[in-house]
Structure formats: C-alpha cells, structure tokens
Amino acid sequence: MGSDLMTNLMPVSAEIFLLVMVCAILVADQLIKQSGRLFTYMLVQLTLLGCSLITVGTHEPGVAYVFNGMVVDDLMSDILKLLTYLSVSMMLVYTRQYLTDRGLFTGEFMALTLFATMGMMVMISANHFLTLYLGLELLSLALYAIVALQRDSAVATEAAMKYFILGALASGLLLYGMSMLYGATGSLHLQAVSQAIASGAADQNLLVFGLVFVVAGLAFKLGAVPFHMWVPDVYHGAPTAMTMLIGSAPKLAAFAFVSRILVEGLQPLMQHWSGMLIILAIGSMALGNITAIAQTNIKRMFAYSTIAHMGFLLLGFISGSIEGYGSSMFYAVVYVLMSLGAFGMIMLLSREGFESDKLDDFKGLNQRSPWLAFMMLLLMFSMAGVPPTVGFYAKFMVLNAVVQAGYIWLAVAAVMFSLIGAFYYLRIVKLMYFDAPETHAPIVVGSDTSLLMTVNGLGVLALGLLPGTLMSVCSVAVQQSLLIGH
Amino acid sequence: MIFGFPVISVAIWLPIIFGILVLATGDDKNAPLARMIALVGSVLGFLVTIPLYTGFMLDTAEMQFVERHQWIPRFNIEYFLGVDGISVLFILLTAFFTPLVVVAGWKVIEKRVAQYMASFLIMSGIMIGVFAALDAILFYVFWEAMLIPMFLIIGVWGGANRVYAAVKFFLYTLLGSLLMLVALIYLYNQSGGSFSILDFHQTLIPMSAQILIFIAFFFAFAVKVPMFPVHTWLPDAHVEAPTGGSVVLAAIMLKVGAYGFLRFSMPIAPDASHELAGVMIALSLIAVVYIGLVALTQTDMKKLVAYSSISHMGFVTLGFFIFNAYGMEGALLQMISHGFVSGALFLCIGVLYDRMHSRNIADYGGVVNTMPVFAAFFMLFAMANSGLPGTSGFVGEFIVILGAVKANFWYAFAAASTLIFGAAYTLWMYKRVIFGAVANSHVAELTDLTWREIAIFTVLAITVLGMGLYPLPFSEIMHTSVNEFLVHVARSKLPM
C-alpha cells in the first residue's frame, strides 16, 4: 500500500512541493517588512528552481497514469512544466523593478503567481475532464485576482471584472460541454471517452453538441475570434507586469489543455473539430492582424497580435498529425519567449509614474539605447516571422503541417495575414530607428533585467540560427505523449 | 571547397563578422575606427571570393566548392552551399561592390556611421549567401534576412520620404517571399522530404501545380527584378535610399530576383515556364519599351536611372524566356554589366547630390565647366548605359537581341528600340546636367572629384571598358552551366 502511494505521489511531487512552499511563503511573508520583500522574491525563485529539479529528478521514460488515471506524467508534461517554471521565473525578474515602483511588489502577488503556476501544472498533467477543469480554474482565479491587484486603478479593476465575468462564462460553457460528453460516453477519462467515441456506441448528435461547447470554451480561454473580446481590454487595462503573466506561460498550459482535450480525448471527432478550428484560426488571424494596425497603445496592439498568434497556433492542430501538434507546441514555446521579451521591453522603458505603453514611447529608441532597440528589433522581426529569427521557424513548422494535410489554400491565407501582421511589427522598428525621440530621459535598467533582455533577444536569434534542437524536443515530446494514448 | 578550405562560407561570414565588429565600435565618437574596420572587412571580403574565380572549373556544370552539412535534421534542412557558372559571377559582383560602397559613404555619412557600415557589410554576406545557397530554406533565410539591413538603410539614412519607401519596399518583397515559402513547403512534400534545390529540379510535378508554383515564385522574383507591373516600389526606394543603398539595390539586389528565375522557377517548373513564356516575354517587352518611355519624362536623376534599371532588367527576363543560348548568356552578361553601369551611375548622381543636395535635373547645367574630370567619367557610364559598342552595356544587349531574332523577329524589333530610347533618356539627361552654360551660382561653386571618388570611378571605368572590349572571361565561365541549364529546362517534368 505504502509503495502504491509512493508511485502515485512521485509524479506529482513538484506540485506538492510547490503547494507547501506557497503556504510557507504566505506565512513567512507576514513577518517581513516591505523593505525585506526581496527575501520573498528570492524564495519564490528558489521554489521554481526546486520545482525544476524535482521535475527533472522524477522524470521517468514512458507515460505514467496516477490517481486512477486522473493525472498523467509524460515527456510532454515534463517539458512544458520546465518551460513554465522558466517563463514564470523570467517574468518575475522582468517585473521586479516595475512592481516595486508601483507599490505592487507584495507577497500576495508572488503567492498568486505561484498558485497560477500550480494551476498551469495541473492543466499540463491532466488526464481527466475534472482535473483539466480544476487546473484551469486554479489558474484563472489566481489571474483574476492578480489583474485586480492594483486596487486604486479604475482601468485595472474594470479589466479584472471583464476578465472574471467572461472567464466564468467560458468556464460554464466548457463545463456544460464536458457534461454532455460525459452523458454521451459515460466517462470523464480522456482515454475512455476517446474509446467510447471510437466504438461508435455514443450518440453522435450529443457528442457534436458537447464538442461545440468545449471548443467554444477553449476558444474563450485562448482568446480566439469570435471569443476574443476580453483580450484587448484585459491586456490594456492590467498593469504591464500582470499582462506579461497572462500573455506568457499560460499559453503553454493552453496548448497542453487543447491537445489533451482535442487530441487525447476527442481525436475520433477530428473531422468535426478541425472544421471549427479552421474558422477560429482564420477569424483570429484576420481580425487580430487587421485590428492591430489601428492601435496606438502597444499593449492593445500586442493583445490583437496575440489573438493572431493563437490563430496560427490552432492551425497546427488542424492537420491532425503528430507533426502538426509538434508544430503547435513549438509555436507556443516560441511565442512565450517573444512575448516575454516584448512585454519586458515595455517595462524596461517604464519608470516610476510613467507607463511606456504608447507606440510613440518607442520613438527614437535607437538613439537613446541602441542595444535595447536592437533587441526589440529582433523580437519584432521574430513576431513577424522574418528569418533568421526563430519566429520564422514557428510559422514554417505550422505551415508545413498545414500543407502536408492538403490545405494549401489555408497556408496561403495564413501567410497573407502574416503579411498584414508584418506591417505593425515593422512600424515599431520604424519608430525606434527612423524617428527622433520625444524624450531624452535616461533609461535606467537594472543589471539583472538588462542581462535577461539580452539573453532573451539574442535567444530569439540563436534559436533562429540553430532551431533543430528545440524542434526535435517538441516533436519527440508530442510523439511520445500523444501517440501512446491510442 | 578547395584543399578543405570552405571558400563560400568564409565569403559569407567574413563580412558579417566584420559587420558585427564595426557595430561594436559603438557611437559616432569612434567613427574613424568604424570606417577603417569596414574598409578592411570589405576588401578582405572581396579577396576571399577570388579563389571562386581562379579555382573554377570551366568544363563542368556540376556545383563546385560544395559545402554540405546537416543543419535542421528534423526537416532534413541542410547547410548546403555551392556555385555553378550561373551564380559564381554574382558572388564576385557582390563582394566587389562592398568596398566601393564603403568608400563612397566615407565622408558623406556622418550620423550613426558604425550602423551604416555594418549594415552594408552584413548585407553583403547575406547576399552572397543567397547566391550560394542550394538548400531552399537556407536560401529563404538569406533571402529574407537581406530585407532587414536594406530596410534600415533606406529608412535611417534615406531622403525626405524615406519611411514610406522603406515600408513599401519591405512589404512588397515580403508578399512575394511568403508565397514562395508556401511553394517551397509544397515542393518539400512532393520531393519526398528534401529541401535541396537540386532535388527540386528532379521532382516531377503535374501541370496545374507547376503553374501555381510558377506564379508563387513569380511574385517573389518579379517583385525583386522588378518586372512590370510590380515595379512601382523601385523608383521610390531608389530615390529615397542613400547613395550606397541605391548602388546595392541596383547592382546586386535586382540581380537576386533574376537569379531566382534561373535557380527556381525555370528548372523546377519548366513546363509552366514554357506555357507562360508568352506572358513573361510580353511583360519584359512592356518593361523595355514602356518603362523606357517613362524614363524619358523623369525630372529627377535618380528616378531616371531607376526606371532605366527596370527597362534594362526587362532585357534580362526577355533573354531568359526565349529559351536559347544567346538569350540566356546575353541576359547573364547584361545582369553583370548592368550591375557595374547602374552602380556607377548612382555613384555619379551621389557625387552631385553630396555637393548640391538636389537630384533635380533642372537644378543643374554646365557642370562640365566646374567638374571636368567628373564629366568625363559620367560620360563613359552614360554611354555604357545607352549600350555603346566597346562598353559592357553593348555586349549583353546585343547578344539578347541576337537571341530574340532567332525566337521571333518582332521581339527583337521591340527590344532593339531600347537602343534608341536608352540613348535618348541617358544622353538627354547628360546634356542637360553637364553641358550648356553654368546654370546658377551653386553649380559655379562645385568642386571636382576628390582622390577617393576618382579611385572608385577608375575601378569601375576599367571594369566597364574591359568587359566591353573583352567579355570572354565573363562568358566562358557561364558557358557550360548555361548549356546544361537549357537542356534541363527543355525536358518535360510532367509525371508520366
């Protein structure tokens, strides 16, 4: 019995460690004065480091189902978790100064961030509709609170309210869809659901009806058109640090979420969901890219750009092949890296009492700080998908999967929308390099953030010159994890 | 490779590394150092390409100096470089122009010198990569990467309307490139999982797909050439670019598009190329005749030479699509010659612009009185642009016209009209700018060429005359490859 418990607990030991540490941090933080908050910060970073060590240390080849199949431990989950720790940790480094300047560098922020991280970990490892839902709610509730953390800001409160209401609606849709799938198949286990559908015993109408709700719920969470309305308001309204948290690591969890539900659970319904995803993807790429052009606020612009990127990410799923899922994973990883850099840059240029969130705030950056401008140039060209940056390979892999699946027209449509997208990324480069600066206020950057920004920007370039390893990692992870379920 | 020495890789990466070194010199306090490093880097960059010419074997159409390594095993993408008789001269041309551009910008560029010099060095390496890449994705990476420095060059150091021109240039080119990317991915799946361009050449493709592939490539390459009707970005970009940018655009970047037709469109989709040859010839002739007439009406010198470039590049695409040895070789010679001549003309206009800050023909007149040496050089290049026998401009045009006569008399007739229009617009501009009485006090104050400018023009003048009087060193190197190429494109690639 004891060893049975141990085999169950081993794969979730990182989650358990994280939970213990969050509780400890919450208590310890009460005893710390604001001036000593750096201690809490270091503790959080150490917790993330500890989680990484545990995840690496408990890694076992193959796929392990624990807790009666509620949780799965496979290569994909381990890799995604490691990347999640990394991006949360990067997020914390980027945001430290920004939050300190605004009096938001508090224990609550860090505890909530860790709770959100745990939600993502649960989502990544879920193998059961309920676990998936639990993870999603844990993540979402933590994020709602984080967005509302700046209590005296009306915009942030409004954003939190919108996020909460629409998020709750999406959760409701998702849950409703799951209940229908449960009704049709009699199970909540992803593999059991998949088998029940494949056997043909389940009521097809009910299945498709449930599927529609599930896909709608997913689209809400991803921010795909036509369920995207919350994205611009939340990205714009939340303090930039919170926007960065929403726009980075959760995308990895979202990828895991979509692939667990649609691929592991509902693969037999692929002909139905791939059609829906095509519409979502095209709508997202079109609306995201076109609307982004009209924005003057850079956070809002990135919100629309996120919508477009999520459309591209969904394209990878449409092919229904392992290559396609691998390409989506690669896209998610690359997107998170670029998004961290871009929001990091906004925060780097902000200072006390000044939000650098207008497009015009980037004017003449090349004259104020050539190095930062060059990093932003790399990030922007990467987002636009121009080689030799890694963003190109993300698009390339997805397009390859789409063409392989025979949807050449879809690939052509996708590149045309990328062309439109290139315009507004290019505009940032234009503002930085071609225009004169509006202010000559010196840019004060801590050595930790400037080092991280350098690593981030050059990382985009280095991964673009040698993308092979990351590509293989994503492909192998998806191959070993998603195939074995069938 | 010769004796295990990766010549092409060095030719690509040496200028790029020097470019990064130049960037490292930082702001304009260290401008003299940046200039020196840039000059050393560009001269070394040219010297290392010379083995490509001296070591080139004339009797084979196979790829030479091949370097082939795994790059992205997941998709079987390779770091695969090599040259044949078609591409080798363009690599030399690219490396040849970089030191000239560096010297031409020596004094004129005063703000952000390091970034300016670095952009050109890095771009030079990337363009050599475009000509040497034999893996489609490697090609695509170089192809797109080329846009970034050019975008900055036009946008940062360009004229009044530079931002519009830079963005237009970038988006126009990106449109074509992205369609090409889809075509490349399709070919990858058709060829059984290889991105090697040489494998693409052997892949059988049905007619309908060939046509679509041809159209996708057409957008990518025709925009770059540029062919009528997608040429409209060129006058804007040229006019707004700084002198060095115009030179690189005209001398090399336009050749990249034409080169793409030879490396991709025609050998990969030969049946579609034959099918659509009529359209291509028509577009080429429109460019030659109509754009030639447009050039006649220009009041801005740079615009005039830009339109003249489009017209001359029409000759090149005409030569390709009449599918005979004369046309092909003539077109290649024309590309090389146009590189020298248009580069030289833009440098001439740059010389005037640096002194007068005007490109308007009407602002000049009687320049010969104050700048006699300059007038002599300008004369030579203007003559070459109009295709005077004895200059390089004559060789290519003449051979293309010979080839066109073989294909269809009327093609040749229309093409030959350029000998008249070309002479008309170039010499008329020359007359208005150089001859006559001294037009105004600004012209009266002009100073003649400095030794630096004389050095640049002497090198170019020798090349233009040399190629015009003795073109054999240029034509013999491409001979075997061109014949092999024509055999290849004559073979149908439709699946049985």
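Cut-offs and rules
Think of each chain on its own: its residues are numbered from 1, step by step along the sequence as written. Whichever chain is written first is A, and whichever ligand is written first is 1; the rest continue in order. Two thresholds apply to this predicted model, a pLDDT of at least 70 for residue-level local features and 80 or more for giving and counting side-chain atom pairs, whereas whole-chain, interface and lining totals are computed over all residues. Processing note: side-chain calculations cover all non-hydrogen atoms of the structure and skip hydrogens and water entirely. Numbering of helices and strands runs from the N terminus, with a helix taken as a DSSP run of H or I at least four residues long and a strand as a DSSP run of E at least two residues long. Only protein chains enter the accessibility calculation, which uses a 1.4 Å probe; a residue is then buried when its area is under 20% of its type maximum, exposed when over 50%, and partly exposed in between. Here, two residues are considered to be in contact whenever any of their heavy atoms come within 4.5 Å of each other. What sets the accessible areas is the Shrake-Rupley method with a 1.4 Å probe; for residues, cover comes only from the shown protein chains. Positive residues here are Lys and Arg, negative ones are Asp and Glu, while His and the chain termini are left out of the count. By convention, charge coordinates are those of NZ in Lys, CZ in Arg, CG in Asp, or CD in Glu. We compute the radius of gyration from the C-alpha atoms alone; for a globule the expected value is 2.2 Å times N to the 0.38, where N is the number of residues. Pairing of aromatic side chains requires ring centres within 6.5 Å, counting the rings of Phe and Tyr and the six-membered ring of Trp. Pairs whose planes differ by under 30 degrees are stacked, by over 60 edge-to-face, and all others tilted. Accessible area, probed at 1.4 Å, shrinks when two parts are joined; the buried area is that loss added up over both. Under the rule applied, a polar contact is a pair of N or O atoms within 3.5 Å (in protein, one hydrogen donor and one hydrogen acceptor; residues adjacent in sequence only if both atoms are side-chain atoms). Under the grouping applied here, Gly and all other residues not named as nonpolar or charged are polar, the nonpolar ones being Ala, Val, Leu, Ile, Met, Phe, Trp, Tyr, Cys and Pro and the charged ones Asp, Glu, Lys and Arg. By nonpolar core we mean a set of buried residues, namely Ala, Val, Leu, Ile, Met, Phe, Trp, Tyr and Cys, connected to one another through side-chain atoms within 4.5 Å. One bridge is not enough; two strands pair if DSSP finds at least two bridges between them. Surface patches are defined over residues having more than 30% relative accessible area and no salt bridge, joining like charges when they lie within 9 Å and nonpolar side chains (Val, Leu, Ile, Met, Phe, Trp, Tyr) when within 5 Å. For this document, the term salt bridge refers to a Lys or Arg side-chain nitrogen within 4 Å of an Asp or Glu carboxyl oxygen. To estimate how far a helix should reach, multiply one less than its number of residues by 1.5 Å. Two cysteine sulfur atoms make up a disulfide if the distance between them is within 2.5 Å. To get an axis, fit a line to the C-alpha atoms, keeping to the stretch in contact for a helix; angles then go from 0 to 180 degrees between the N-to-C directions. Oblique is the label for every angle not falling under 35 degrees (roughly parallel), over 145 degrees (roughly antiparallel), or within 65 to 115 degrees (roughly perpendicular). Less than a right angle of anticlockwise turn of the near helix away from the far helix marks a crossing as left-handed, whereas a clockwise turn marks it as right-handed. Note: pLDDT gives the predictor's confidence per residue, expressed from 0 to 100.

Details of the overall build of chain A
Phase 1 of the analysis: Scanning chain A from N- to C-terminus turns up 21 helices and two strands.
Phase 2 of the analysis: Viewed in the frame of its principal axes, chain A has a C-alpha envelope of about 70 × 60 × 40 Å.
Phase 3 of the analysis: The buried share of chain A, taken over its 486 residues, is 65%.
Phase 4 of the analysis: Here the analysis covers contacts within chain A between residues at least 6 apart in sequence; of these, 81% occur between residues at least 24 apart.
Phase 5 of the analysis: In the structure as shown, chain A presents an accessible area of about 16200 Å², 69% of it carried by carbon and sulfur atoms.
Phase 6 of the analysis: Positive and negative side-chain charges of chain A, numbering 19 and 24 respectively, have mean locations separated by a distance of 9 Å.

A closer look at the overall build of chain B
Phase 1 of the analysis: When helices and strands are counted, chain B shows 23 helices and two strands.
Phase 2 of the analysis: For a compact globule of 496 residues, the expected C-alpha radius of gyration is about 23 Å, and chain B comes in at 22 Å, within 12% of that figure.
Phase 3 of the analysis: Oriented by its inertia axes, the alpha-carbon framework of chain B measures out at about 75 × 55 × 40 Å.
Phase 4 of the analysis: Within chain B, the fraction of its 496 residues that count as buried is 67%.
Phase 5 of the analysis: Entry remark: accessible area of chain B is about 15800 Å², with carbon and sulfur atoms responsible for 69%.

Describing the packing of aromatic side chains
Phase 1 of the analysis: With the rule as written, the count across this model stands at 56 aromatic pairs over all chains.
Phase 2 of the analysis: Look at Tyr41 of chain A and Phe105 of chain A: their rings are 5.8 Å apart centre to centre, the planes differ by 50 degrees, and that puts the pair in the tilted class. Within this pair, whereas Tyr41 of chain A is found in helix α3 (residues 37–57), its partner Phe105 of chain A is found in the loop between α4 (75–101) and α5 (107–125), the two being separated by 64 residues in sequence. We note that Tyr41 of chain A, like Phe105 of chain A, is buried.
Phase 3 of the analysis: With a centroid separation of 4.6 Å and an interplanar angle of 50 degrees, the aromatic rings of Phe139 of chain B and Phe264 of chain B are classed as tilted. Taken together, the positions of Phe139 of chain B in helix α6 (residues 136–145) and Phe264 of chain B in helix α12 (residues 243–268) put the pair 125 residues apart, joining distant regions of the chain.
Phase 4 of the analysis: Here a set of aromatic residues connected by ring pairs shows up, and it is made of Phe392, Tyr393 and Phe396 of chain A together with Trp71, Phe75, Tyr140, Tyr188, Phe195 and Phe200 of chain B.

Details of the interface of chain B and chain A
Phase 1 of the analysis: Between chain B and chain A, the residue contacts involve 34 residues of the former and 39 residues of the latter.
Phase 2 of the analysis: Across the interface of chain B and chain A, roughly 3300 Å² is buried in total on both sides, 80% from carbon and sulfur atoms.
Phase 3 of the analysis: Considering only the surface of chain B that becomes buried against chain A, Arg74, Phe75 and Val182 of chain B emerge as the three largest contributors, covering 17% of it.
Phase 4 of the analysis: For the pair chain B and chain A, the number of links is six residue pairs in polar contact (both at pLDDT 80 or more).
Phase 5 of the analysis: At the level of secondary structure, the elements contributing two or more residues to the side of chain B that touches chain A comprise β1 (64–72), α6, α7 (147–157) and α8 (162–190) of chain B.
Phase 6 of the analysis: By residue class, the composition of the side of chain B that touches chain A is 27 nonpolar, three polar and four charged.

Some details on the nonpolar core
Phase 1 of the analysis: Ranked by size, the top nonpolar core spans 397 residues in total, and within it Trp273, Phe302 and Phe396 of chain A together with Phe320 and Phe381 of chain B carry the most contacts.
Phase 2 of the analysis: When residues of this core are assigned to their parent elements, the largest contribution, 20 residues, is made by helix α15 (residues 322–349) of chain A.
Phase 3 of the analysis: The contact partners of Phe396 of chain A, leaving out residues within four places of it in the chain, are Met471 of chain A together with Phe75, Ile77, Ile137, Leu181, Ile185 and Phe195 of chain B.

Let's talk about the pairing of β1 of chain B
Residue and element names in this part refer to chain B.
Phase 1 of the analysis: Bridge count between β1 and strand β2 (residues 77–83): six bridges; the pairing is antiparallel. Paired with Gln70 across the two strands is Glu78, which belongs to β2.
Phase 2 of the analysis: Count of turn residues in the β1/β2 antiparallel hairpin: four residues, of which Asn76 carries a positive phi of about 60 degrees.

So, a nonpolar patch on the surface
All names here are of chain B.
Phase 1 of the analysis: A grouping of Met36, Val40, Val43, Leu44, Leu47 and Ile50 is seen on the molecular surface, where their side chains present a nonpolar patch of about 440 Å² in accessible area.
Phase 2 of the analysis: The element best represented in the nonpolar patch is helix α2 (residues 31–47), accounting for five residues.
Phase 3 of the analysis: You can see Val40 is positioned in helix α2.
Phase 4 of the analysis: Since its relative accessible area comes to 38%, Val40 is described here as partly exposed.

Things to note about helix α2 (residues 13–30) of chain A
Phase 1 of the analysis: With 18 residues, α2 of chain A ought to run about 26 Å at 1.5 Å a step, and its terminal C-alpha atoms sit 26 Å apart, in line with that.
Phase 2 of the analysis: For α2 of chain A, the full list of buried residues reads Ser13, Ala14, Glu15, Leu18, Met21, Val22, Ile25 and Asp29 of chain A.

Here we look at the state of the cysteines
Working definition: the covalent bond between the sulfur atoms of two cysteines is a disulfide.
All names here are of chain A.
Phase 1 of the analysis: Summed over all chains, the structure comprises zero disulfides over all chains.
Phase 2 of the analysis: Free cysteine: Cys51, not disulfide-bonded; nearest cysteine sulfur from Cys23 at 13 Å.
Phase 3 of the analysis: In this structure Cys51 comes out as buried when scored by relative accessible area, which is 0%.

Concerning the pattern of salt bridges
All names here are of chain A.
Phase 1 of the analysis: According to the stated counting rule, one finds 17 salt bridges over all chains in the structure shown.
Phase 2 of the analysis: Of the charged contacts, one joins Arg96 and Asp448 as a salt bridge, the two residues approaching to 3.1 Å between their closest N and O atoms. With Arg96 in helix α4 and Asp448 in helix α20 (residues 447–465), the pair connects residues that are 352 residues apart, well separated along the chain.
Phase 3 of the analysis: Between Arg102 and Glu355 there is a salt bridge, with the nearest N and O atoms lying 2.7 Å from each other. Here Arg102, found in the loop between α4 and α5, pairs with Glu355, found in the loop between α15 and α16 (365–368); they are 253 residues apart in sequence, far enough to count as distant.
Phase 4 of the analysis: Residue Arg102 is classed as buried on the basis of its relative accessible area, which comes to 18%.

Observations concerning the packing of helix α17 (residues 370–384) of chain A against α20 of chain A
All names here are of chain A.
Phase 1 of the analysis: At a closest axis distance of 9 Å, the pairing of α17 and α20 adopts a crossing angle of 40 degrees. The angle between the axes of α17 and α20 places the two elements in the oblique class. Of the two possible hands of crossing, α17 and α20 adopt the one that is left-handed. For the pair formed by α17 and α20, the contact residues are Trp371, Leu372, Met375, Leu378, Leu379 and Ser382 on the first element and Met453, Thr454, Asn456, Gly457, Leu458, Val460 and Leu461 on the second.
Phase 2 of the analysis: In terms of residue class, the contact of α17 with α20 is built from nine nonpolar, four polar and no charged.

Considering the side chain of Gln295 of chain A
Phase 1 of the analysis: Positionally, Gln295 of chain A belongs in the loop between α13 (270–293) and α14 (298–318).
Phase 2 of the analysis: Dropping the residues within four chain positions of it, Gln295 of chain A is found in contact with Arg300, Met301, Tyr304, Leu359 and Arg427 of chain A.

Describing unusual backbone geometry
Phase 1 of the analysis: In this structure, the amide linkage connecting Val225 of chain A to the following residue, Pro226 of chain A, adopts the cis form with an omega of 5 degrees.
Phase 2 of the analysis: With respect to the helices, strands and loops of the structure, Pro226 of chain A is situated in the loop between α9 (204–222) and α10 (230–237).
Phase 3 of the analysis: Positive phi, normally seen in glycine, also occurs at Phe323 of chain B, with a value near 50 degrees.
Phase 4 of the analysis: The backbone phi angle of His357 of chain B is positive, close to 55 degrees, even though this residue is not glycine.
Phase 5 of the analysis: With respect to the element layout, His357 of chain B can be found in the loop between α16 (325–356) and α17 (367–370).

What about the confidence of the model for chain B?
Phase 1 of the analysis: Looking at chain B as a whole, its pLDDT mean stands at 86, while 99% of the residues score no less than 70.
Phase 2 of the analysis: When the elements of chain B are averaged for pLDDT, helix α21 (residues 441–444) of chain B gives the smallest value, 79, and α6 of chain B the largest, 92.

Thoughts on the environment of Thr299 of chain B
Residues and elements named next belong to chain B.
Phase 1 of the analysis: Along the chain, Thr299 turns up in the loop between α14 (277–296) and α15 (301–321).
Phase 2 of the analysis: Relative accessible area serves as the criterion here: at 51%, Thr299 is assigned to the exposed category.
Phase 3 of the analysis: A sequence separation of 129 residues divides Thr299 from Trp428, and the C-alpha atoms of the two residues are 11 Å apart.
Phase 4 of the analysis: Beyond its immediate chain neighbours, meaning those up to four positions away, Thr299 contacts Arg359, Asn360 and Ile361.

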